[in-house]
Amino acid sequence: MWTPLRKEISKICQDLNIPEERFKELSIHDWQSIQENIFNKFYDSNGKRLKGDTYAIQILYNYPFDQLLTLVGNEEKVWLFLDETVRERNKFWFYQGYINDIVTILGETTQSDEVFVASKKYEWLLHVNHHDYIIASGREMCGKLMKLESAK
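None of the values given here were measured: they were computed from a predicted structure.

Draft legend 1. Structural detail: the environment of Thr 54. Assignment of secondary structure puts Thr 54 in strand β2 (residues 54-58). Each C-alpha atom of the pair Thr 54 and Leu 145 lies 9.8 Å from the other, and the pair is 91 residues apart in sequence. Once residues within four sequence positions are removed from consideration, Thr 54 is found in contact with Ala 136, Ser 137 and Cys 142.

Rendered as structure tokens:
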């Protein structure tokens, strides 16, 4: 199903000539197990609250996605998943790519409110919510977010 969000991201990638080696949508055969692994690792049994080490900051007067460039290494391929309401239910769309391309795409899209970036090794998770909070899970990423906050 090609929802407005998926269509927009596809068009952005095409317009900006972002190759699939840098950013691509995951197939249903890939994302289902990734989603399950992420939710098992980072969320409680209800899937509502992050578990383990967490830290959050609100980014005021700045574009919160730009901060991802400071938190995530340019050479690390990560998962991006976006929350969209489809038929009155939450649906996650999964992609993989590099943070520079992800931030560029997020800067062009108008459709996404909840953005998640996760380590492909399940070491950390970042959630940028519609209130411009960046929420980290995983000790390493919590430490990086604390350093970012203290540098501001």
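Draft legend 2. Looking closely at the packing of aromatic side chains. For the structure shown, the criterion picks out nine aromatic pairs. On the basis of an interplanar angle of 15° and a centroid distance of 5.1 Å, the ring pair of Phe 23 and Tyr 95 is categorised as stacked. Note that Phe 23 is positioned in strand β1 (residues 23-25) and Tyr 95 in strand β4 (residues 89-98), a separation of 72 residues in sequence. A centroid spacing of 5.7 Å and a plane angle of 70° characterise the contact between Phe 81 and Phe 92, whose relative ring orientation is edge-to-face.

Draft legend 3. Representation of unusual backbone geometry. You will see that Asn 17, though not glycine, has its phi angle at about 55°, which is positive. Here Asn 17 shows up in the loop between α1 (4-15) and β1.

Draft legend 4. Just the side chain of Glu 114, in detail. Along the polypeptide, Glu 114 turns up in strand β5 (residues 114-119). On the accessibility criterion, Glu 114 (13% relative accessible area) is buried. At 2.5 Å, the side chain of Glu 114 forms a polar contact with the side chain of His 127. Excluding its chain neighbours within four sequence positions, the residues that come into contact with Glu 114 are Phe 81, Leu 82, Asp 83, His 127, Val 128, Asn 129 and His 130.

Draft legend 5. Region of interest: the pattern of salt bridges. Inspection of the entire model under this criterion finds five salt bridges. As a salt-bridge pair, Asp 15 and Lys 11 come within 2.8 Å of each other at their nearest N and O atoms. In this pair, Asp 15 and Lys 11 both sit in helix α1, four residues apart, roughly one turn of the helix. We classify Asp 15 as partly exposed; its relative accessible area is 47%. Taking the shortest distance from any N to any O, the salt bridge between Glu 140 and Lys 144 comes out at 3.6 Å. In this pair, Glu 140 and Lys 144 both sit in helix α5 (residues 139-151), four residues apart, roughly one turn of the helix. Given the relative accessible area of 32%, Lys 144 is considered partly exposed.

Each value, and the rule that gives it
Residue numbering note: each chain is counted from 1, following its sequence as written. Selection of residues for local features in this predicted model requires a pLDDT of at least 70, selection of side-chain atom pairs for listing and counting requires 80 or more, and totals for whole chains, interfaces and linings are taken over all residues. Excluding hydrogens and water, the side-chain values take into account all heavy atoms of the structure. What counts as a helix is a DSSP run of H or I of at least four residues, what counts as a strand is a run of E of at least two, and both are numbered from the N terminus. Throughout, a residue-residue contact means that at least one pair of heavy atoms, one from each residue, lies within 4.5 Å. When two rings of Phe, Tyr or Trp (its six-membered ring) have centres within 6.5 Å they constitute a pair, described as stacked for plane angles under 30 degrees, edge-to-face for angles over 60, and tilted for the intermediate range. The classification of residues rests on relative accessible area computed with a 1.4 Å probe and restricted to protein chains. Under 20% of the type maximum is buried, over 50% is exposed, and intermediate values are partly exposed. What qualifies as a polar contact is a pair of N or O atoms within 3.5 Å, subject to a donor-acceptor requirement within protein and to the restriction that residues adjacent in sequence count only when both atoms come from side chains. Between Lys or Arg on one side and Asp or Glu on the other, a salt bridge is scored when a side-chain nitrogen of the former is within 4 Å of a carboxyl oxygen of the latter.

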